[in-house]
Amino acid sequence: MQLRFHPYTLQLRHTFTVSTYSRTTTPAMMVEVEEDGIVGYGEAAMPPYLGDTLESATSFLSQTDLSKYEYPAAFDDVLKDIDTIASGNHAAKAAIDIALHDWLGKKGGFAWYQAWGLDPSNTPLTTFTIGIESNNDILRQKVREADTFKVLKVKLGSENDRDIVRTIREVTDKPLRVDVNQGWKKKEKSLEMIEWLSTQGVELVEQPLPKEMIDDQAWLKERSPLPIIADEAVVRLSDIGEAVGIYDGINIKLMKCTGMHEAYKMILLARAFNLRVMLGCMTETSCAISAATQLSPLADYADLDGASLITNDPFVGATIHEGKLIMPAGFGIGVSPKQ
Ligand code: MG
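Residues numbered from 1 in each chain as written. Predicted model: local features only at pLDDT ≥ 70, side-chain atom pairs only at ≥ 80, totals over all residues. Heavy atoms only, no water.

Colleague: Tell me what's going on with the nonpolar core, and back it up with residues and numbers.
Modeller: Ranked by internal contacts, the top residues of the largest apolar core, which has 104 residues, are Leu-66, Ile-98, Leu-197, Ile-250 and Ile-252. Ranked by the residues each element gives to this core, the list is headed by helix α3 (residues 90-108), at 10 residues. Summarising the domain contributions, this core has at least three residues from each of domain 1 (2-109) and domain 2 (114-334). Setting aside residues no more than four positions away along its own chain, Leu-66 makes contact with Met-1, Leu-3, Val-33, Val-78, Ile-96 and Leu-100. (Core = buried A, V, L, I, M, F, W, Y, C linked by side-chain atoms within 4.5 Å. Buried < 20%, exposed > 50% of the residue type's maximum accessible area, 1.4 Å probe, protein only. Helix = DSSP H or I, 4+ residues; strand = E, 2+ residues; numbered from the N terminus. Domains from an automatic or database assignment. Contact = heavy atoms within 4.5 Å.)

In structure tokens form, the structure reads like this:
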């Protein structure tokens, strides 16, 4: 099997700003695997804060030799093997995993939701993320632009969290999901905020405290009126055990956990521990979003708006209609390059 890859710059629909830092693009590495005249597509999305870079992905992918596997469709073995090339590189590993899934589905004539026995009409609603915004006029405008989405995700963790929620509530009464990105530092203050948020139509809170504050998080879970979902605290399958009893659920992202194969195993394990499951994403093209959409009927919550944040999506695949994910047609992960 041949492996090809090339960098691709995702153009953001809106400038992404956090305090003094802002960007209008985000790097990605597009991956193709080919055998028997069939091409499988994969993608590594690499927002700067995750540690993966074009250089590290290039180095990792250059060391990956898929031609040495007699049966590359045995991706459980292949992925275990490439995991030993280097630690980290989760996005690059995910790109290979997604491409192998796409290839195998196309080769075998099935889509992954079919292989997993899922009803394609059971895709969840996806949230649309409203980033931290200190200008209330812009904030109201962002909420209006998300008009077709039925549930919004709001980033909190700044000084003016209550103002942000109140401003959004001037414009919409849609259910909100709050992502704090480890931004609160005190458990008592967090509980107070969560109690207030529970009166504001908020459904859940994602990663309120820094992931290292395990005892404080356990304390908070005991008392919180809203479910608390781990994001930064749970990266791969082996992290799930540590979330039990401390969080109510986990946010699984293909770029964190090395792809569809591990994500599927994480969902099963999370269920065994009675954890809720959110499927999340980075800023990504329809390639990685379609891969996640294949799994989405298994999720309680989806946050798969990544492809709607960019203006130069090179693929046709999963779409969003009135806030609901639409399973793409086609085999594999259901994507084809735009003509
Ligand atoms: Mg998050």
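Right, picking up where we left off after that structure.
Colleague: Give a description of the pairing of strand β10 (residues 276-280) that names residues and reports values.
Modeller: Side-chain positions along a regular strand alternate between the two faces of the sheet. Taking burial as the measure, the 5 residues of β10 include 4 buried ones, the bulk of the element. Relative to β10, strand β9 (residues 249-253) runs parallel, the two being bridged by 5 bridges. Within β10, the position partnered with Asn-251 by the bridge is Met-278. Examined bridge by bridge, β10 and strand β11 (residues 301-302) share 2 bridges and lie parallel to one another. Bridge pairing in β11 places Met-278 opposite Tyr-301. Running through helix α12 (residues 286-295), the crossover from β10 to the neighbouring parallel element β11 is right-handed. (Pairing = 2+ DSSP bridges. Right-handed = clockwise from strand over helix to strand, strands pointing away.)

Colleague: Talk me through unusual backbone geometry; I want residue IDs and the actual numbers.
Modeller: A positive phi angle, close to 50°, is found at Asn-181, a residue other than glycine. Its location among the elements puts Asn-181 in the loop between β6 (176-179) and α7 (187-197). On the accessibility criterion, Asn-181 (32% relative accessible area) is partly exposed. Phi angles above zero are rare outside glycine, and Thr-258 is one such case at about 80°. Its location among the elements puts Thr-258 in the loop between α10 (254-257) and α11 (260-272). Judged by relative accessible area, Thr-258 falls into the buried class, the value being 9%.

Colleague: An account of α7 is needed here, citing residue identities and associated values.
Modeller: Quick reminder: α-helices carry 3.6 residues per turn. Residues three or four places apart thus point the same way. All of the buried residues along α7 are Ser-190, Leu-191, Met-193, Ile-194, Trp-196 and Leu-197. As for α7, its buried residues are in contact with α6 (161-171), β6, β7 (202-206), α8 (214-223) and β8 (228-230).

Colleague: Quick rundown of the domain arrangement of the chain? Include the residues and the values.
Modeller: Per the domain assignment, the segments of the chain are domain 1 (2-109) and domain 2 (114-334). Each partner contributes to the interface: domain 1 provides 33 residues, whereas domain 2 provides 30 residues. Across the domain 1 to domain 2 interface the summed buried area is about 2,600 Å²; carbon plus sulfur atoms make up 63%. One can count 2 salt bridges joining domain 1 with domain 2. The salt bridge involving Asp-76 is made with Lys-265; its shortest N-O contact spans 3.7 Å. Viewed at the interface, domain 2 and domain 1 are joined by 16 residue pairs in polar contact (both at pLDDT 80 or more). Broken down by secondary-structure element, the contributors of at least two residues to the side of domain 1 that touches domain 2 are β1 (2-18), β2 (21-35), β3 (38-45), α2 (75-82) and α3. Per element, the largest residue contribution to the side of domain 1 that touches domain 2 is 10 residues, and it comes from α3. A per-class count over the side of domain 1 that touches domain 2 returns 15 nonpolar, 10 polar and 8 charged. (Buried area = accessible area lost by both parts, 1.4 Å probe. Salt bridge = Lys/Arg side-chain N within 4 Å of Asp/Glu carboxyl O. Polar contact = N/O pair within 3.5 Å; in protein donor to acceptor, adjacent residues only side chain to side chain. Nonpolar A, V, L, I, M, F, W, Y, C, P; charged D, E, K, R; others polar.)

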